[in-house]
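Examining the three-dimensional arrangement
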Amino acid sequence: MPKSAQHTFLLEVGTEDLPARFVASAIAQWQAIVPATLQEHGLSGTVQVLATPRRLAVLIEDLPAQQPDQSLEIKGPAASAAFRDGEPTPALLGFLRSRQGDLKEIEVRATPKGDVVYLRQVRPGQPTPDLLSHLSRQWLETLDGPRFMRWGDGDLRFARPIRWLVLLWDDQVLPLTLHSHSVCIVSDRHTQGHRVLASETIALSHGRDYARALETAGVLVDPRTREATIRKQIHELAKEVGGWVDLEVPLMEEVTHLVEWPTAVLGAFEPRFLGLPLEVITTVLISHQRYFPVYTDNQRQALLPAFITISNGAPTATPLIRAGNERVIRARLADAEFFYNADTAQPLESYVAKLAAVTFQDELGSMAAKGERITALATTIAKALNCSAADRAAIERTAYLCKADLVTQMVGEFPELQGYMGQVYATVSGESPAVATGILEHYLPRFAGDKLPQTLTGQVVGLADRLDTLIALFGLGLCPTGSSDPFALRRAANAIITILWHGRLRLNLLELLQEGSQQFCQQFQAKLSPNDLYAQLSQFFSQRLRTLLQDEQGIDYDLVNAISPDDVPDLQNRALADVLDAGDRARFLQQLRDSGQLQTIYPTVNRAARLARQGDLDPQRLDLRAVKAKFLEAPIEKEFYAALKAALPTVKQAQQTRTYSDIVTTLQTLTPIVSRFFDGDESVLVMADENHLRANRLALLGLLRNCAAVIGDFGAIVHAEAPH
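This section reports on the structure supplied with the text. (Residues numbered from 1 in each chain as written. Predicted model: local features only at pLDDT ≥ 70, side-chain atom pairs only at ≥ 80, totals over all residues. Heavy atoms only, no water.)

Observations regarding the overall build of the chain
Here is the rule we go by: Each helix is a run of DSSP H or I of at least 4 residues and each strand a run of E of at least 2, with the numbering of both proceeding from the N terminus. Only C-alpha atoms enter the radius of gyration, while the globule expectation follows 2.2 Å times N to the 0.38, with N the number of residues. The classification of residues rests on relative accessible area computed with a 1.4 Å probe and restricted to protein chains. Under 20% of the type maximum is buried, over 50% is exposed, and intermediate values are partly exposed. Pairs of residues are marked as contacts when any of their non-hydrogen atoms sit within 4.5 Å. Here the open area of atoms and residues is found with the Shrake-Rupley method and a 1.4 Å probe, where only the protein chains shown may cover a residue. A positive count includes Lys and Arg, and a negative count includes Asp and Glu. His and the chain ends are not counted in either. Where a charge lies is defined by one atom per residue type, namely NZ (Lys), CZ (Arg), CG (Asp) and CD (Glu).
Scanning the chain from N- to C-terminus turns up 25 helices and 21 strands. Its C-alpha atoms give the chain a radius of gyration of 35 Å, clearly above 27 Å, the size a compact globule of 724 residues would have. Burial analysis of the chain (724 residues in total) assigns 50% to the buried set. Within the chain, residue pairs in contact and separated by at least 24 positions form 70% of the contacts whose partners lie at least 6 positions apart. Accessible surface, the chain: about 34000 Å² in total, of which carbon and sulfur atoms supply 50%. Charged side chains of the chain number 71 positive and 84 negative; the gap between the two group centres comes to 2 Å.

Focus on the side chain of aspartate 246
As a reminder of what qualifies: Pairs of N or O atoms are called polar contacts if they sit within 3.5 Å, as long as, within protein, a hydrogen donor faces a hydrogen acceptor (for residues adjacent in sequence, only side-chain-to-side-chain pairs).
Relative to the helices and strands, aspartate 246 is located in the loop between helix H6 (223-240) and helix H7 (250-256). By relative accessible area, aspartate 246 is classed as buried at 13%. A distance of 3.1 Å separates a polar atom in the side chain of aspartate 246 from the backbone nitrogen of glutamate 248. Reaching out from aspartate 246, the side chain makes a polar contact with the side chain of arginine 300 at a distance of 2.7 Å. The residues contacting aspartate 246, other than those within four sequence positions of it, are Phe292 and Arg300.

Description of unusual backbone geometry
For residues other than glycine, phi is negative in most cases, and the peptide bonds are mostly trans. With omega at -5°, the peptide bond leading from leucine 444 into proline 445 counts as cis. Checked against the element boundaries, proline 445 lands in the loop between helix H14 (433-441) and helix H15 (456-475). Phi angles above zero are rare outside glycine, and arginine 300 is one such case at about 55°. Structurally, the position occupied by arginine 300 is in the loop between strand E18 (292-295) and strand E19 (303-311). With a phi close to 55°, arginine 504 is a non-glycine residue in the positive phi region. By secondary structure assignment, the location of arginine 504 is in the loop between helix H16 (489-503) and helix H17 (509-523). Taking the relative accessible area as the measure of exposure, arginine 504 reaches 45% and is therefore partly exposed.

Regarding the sheet that holds strand E17 (residues 263-268)
Which entries qualify depends on this criterion: At least two DSSP bridges between two strands are needed for those strands to be called paired. Fitted lines through C-alpha atoms serve as axes, helices being fitted only where they are in contact, and the angles separating the N-to-C directions of these axes extend from 0 to 180 degrees.
The strand order across the open sheet built from three strands is E17-E19-E18, with neighbouring strands paired in antiparallel fashion. Edge positions in the sheet fall to E17 and E18, since each of these pairs with one other strand and no more. Within this sheet the neighbouring strands show an average axis-to-axis angle of 30°, counted without direction. In terms of strand pairing, E18 meets E19 through three bridges, oriented antiparallel. From the neighbouring strand, tyrosine 295 faces E19, where its bridge partner is leucine 303. Lying on the sheet, helix H8 (residues 278-288) is in contact with E18 and E19; it crosses E18 at an angle near 145°. Across the sheet, helix H9 (residues 318-343) lies against E17 and E19, angled at about 50° from E17, the strand it touches most.

Let's talk about the packing of aromatic side chains
Short version of the rule: Classification of ring pairs uses Phe, Tyr and Trp, with its six-membered ring standing for Trp, and accepts pairs whose centres are within 6.5 Å; under 30 degrees between planes counts as stacked, over 60 as edge-to-face, and the remaining range as tilted. As a reminder, the over-ring test applies to NZ of lysine and CZ of arginine, requiring each to be within 6 Å of the ring centre and within 35 degrees of the ring normal.
Under the criterion given, the structure shown has 14 aromatic pairs. Centroid distance phenylalanine 148 to phenylalanine 158: 5.8 Å. Interplanar angle 55°. Geometry classified as tilted. Taken together, the residues phenylalanine 148 in the loop between helix H4 (128-142) and strand E9 (149-150) and phenylalanine 158 in strand E10 (residues 157-158) connect sequence positions ten residues apart. The exposure class assigned to phenylalanine 148 is buried, which follows from its relative accessible area of 15%. Note on phenylalanine 158: relative accessible area 1%, which makes it buried. When the ring of tryptophan 244 is compared with that of tyrosine 295, the centres are 6.2 Å apart and the planes differ by 50°; the resulting orientation is tilted. Of this pair, tryptophan 244 sits in the loop between H6 and H7 while tyrosine 295 is found in strand E18, placing the two residues 51 residues apart along the sequence. Judged by relative accessible area, which is 9%, tyrosine 295 ranks as buried. In this structure an aromatic cluster arises from ring pairing among Phe22, Phe148 and Phe158. Lying across the ring of tyrosine 118, arginine 109 places its NZ or CZ 4.5 Å from the centre.

A few points about the sheet that holds strand E12 (residues 172-173)
Two orientations exist for strands paired in a sheet by backbone hydrogen bonds: parallel and antiparallel. Taken in spatial order, the five strands line up as E2-E3-E1-E11-E12 in an open sheet, and their pairing is antiparallel. Strands with a single pairing partner mark the edges of an open sheet, and in this sheet they are strand E2 (46-52) and E12.

Focus: the side chain of glutamate 441
Selection criterion: Whenever a carboxyl oxygen of Asp or Glu lies within 4 Å of a side-chain nitrogen of Lys or Arg, that contact is scored as a salt bridge.
The residue glutamate 441 is located in helix H14 in this model. No salt bridge is formed by the buried glutamate 441. Its closest oppositely charged neighbour is lysine 451, at 7.9 Å. Apart from the residues lying within four places of it in its own chain, the contact partners of glutamate 441 are Pro453, Gln454, Thr455 and Gly458.

Some remarks on the environment of glycine 101
Mapping glycine 101 onto the fold places it in the loop between helix H3 (90-98) and strand E7 (106-111). Residue classification places glycine 101 among the partly exposed residues on the basis of a relative accessible area of 23%. Along the sequence, glycine 101 and aspartate 155 sit 54 residues apart, while their C-alpha atoms lie 39 Å from each other. For glycine 101, the contacting residues outside a window of four places in its chain are Leu96, Leu119 and Gln121.

A look at the state of the cysteines
What counts, and what does not: Disulfide: a pair of cysteine sulfur atoms within 2.5 Å of each other.
For the structure on display, the rule yields zero disulfides. The thiol sulfur of cysteine 387 is not disulfide-bonded, and the nearest other cysteine sulfur, from cysteine 402, lies at 16 Å. Here cysteine 521 is not disulfide-linked; the sulfur of cysteine 479 is the nearest cysteine sulfur, at 14 Å.

Details of H15
As a reminder of what qualifies: A helix is expected to reach a length of 1.5 Å times the quantity of its residues less one.
Spanning 20 residues, H15 covers 28 Å between terminal C-alpha atoms, matching the ideal 28 Å at 1.5 Å per step. A large share of H15 lies buried, amounting to 19 of its 20 residues. Positive backbone phi, approximately 80°, marks glycine 477, located one or two places after H15.

Spelled out as structure tokens, the structure:
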């Protein structure tokens, strides 16, 4: 199509100031929705989603004037029901009426289920402007976000009240009305510039002039342009004071969506405040004021007494804006300084008693009681891991102090500093580095993708804290339901499994859950019996293990089923009894598949596993006495038996040392023998009529299956290659 036939479309929704998080979300939603709906309707064009705190916009260029004709094929009734004696039946006529079709558009086609009637229609394309008016409303109504609001007395809902609406096809206004009772917004060509820099209404002459017209009115409507401007200005200001600013932080996206015309402003605070812990200063700057800290260098270990903020006001007012921001940050840092001095006037241990006045949960008592449970559970875990006496002492001390900072003034004012202030105050109080670090690390990971605890002390206390929470809340019947998880229990269980993997910790979760269920039901008014509580917790952990293996570790679903299926309790229990081993085995199976090695053993082992189900050999037995040598008749049986006799010691040793590659090597050696056992001139009939022969041959296959089952259930694997 020649360039002259291409058109431009603009939709702009003007609003009261939108939350920055909604702006980012709306951009992402429209970037997915708009191109997809255009494609559905046979349209193509260059789509730009533009946004500021006061507007959301879609600019589409290179659009055709007319939607192309659409060819439709609609499946109708079976030919036997559509025609009788060569004449159309009421069923066919009704189908045609419902589709506004004609007999001339009917085609009969052969299908696997017999001849079927198809209706073939060509639907003329609509004028593109008409279609876009309809789609604009759909795009608006499709947007989703938290806490949408109503205004006026109608039912119209949006993130903030809508104040104006622009809908242009080239230079023509397209009709669109949003109304609900007293609220009525009609599309036109008028938009608004910057609230401070340009007070007059702007009349857009053409959609392609949109960004340029708004820029002259103090609005950079493209978020990418605003972000690039912010980055350049911050870099220049940081260079002025010989500092460095971390720009790869969530704050960058947030400030980009908080301003329309960004102006970076360099401010300063008194150097004495640098005596505060670094994280305190950066929390005040970033979380509470949305300022960028200025570091001495890119190691981010020390700060300069400076900050950079992004203003949305007039650039000429920068001195006034700087003074106002400096006054605010001075007061905030002075508060933090007071809290720090007051908190460090006494040792961290002195705050533990005050936890008795803080409620953990109404039915579970205080944070002091929770601290006692964490200490007891951490001690149990340390014993199970055979920790040294020094490690156990550090773990118990960390568990005792881990929640103490919750009642300090600093954490009361800045809750996000919990754990960090515990580490700082523990150091000031003379606690060992292991204890101080453990207090911080026991909160890690705080969210998906967060860093993990690196020390044994932090790992063990973190495990104890989360296990106590899970057991207690499940015991009160407060387990997650559907998508609802108000206490973040899924995240807690995920963290436990991830810590065990990362720390290479061999811990029997089943024993801990069983013991914890018993103790909880003795101490509290549980909603479940100890056995039911244990069953719910173990099933919950099995689900989390499966999810982490498949979604985060990238293990194919059938290989996950081979390690911990959702319907085989014995395999689930084995996985939870050693979560570290379960993860290792799943990754090993994935590696076998990816390398092609699985193909060398899978067909034979899988066939043996399917047949072995008809025998009665215990799936975990690796004892050659399961086979009666006196009943071995055929030479291939005897060869199979001899090969198993040679292989079983290797398999048992590999099971103990978890060197699963040795088992694969052994299975590769057995595979050609088992293939001849099944097929060819030497083969035998496994399901022989004689009971003793059948049982003996099934036992041979059962032992082979059990060798492979040390790694996983090969019967659950659907194919040697990745399933499609």
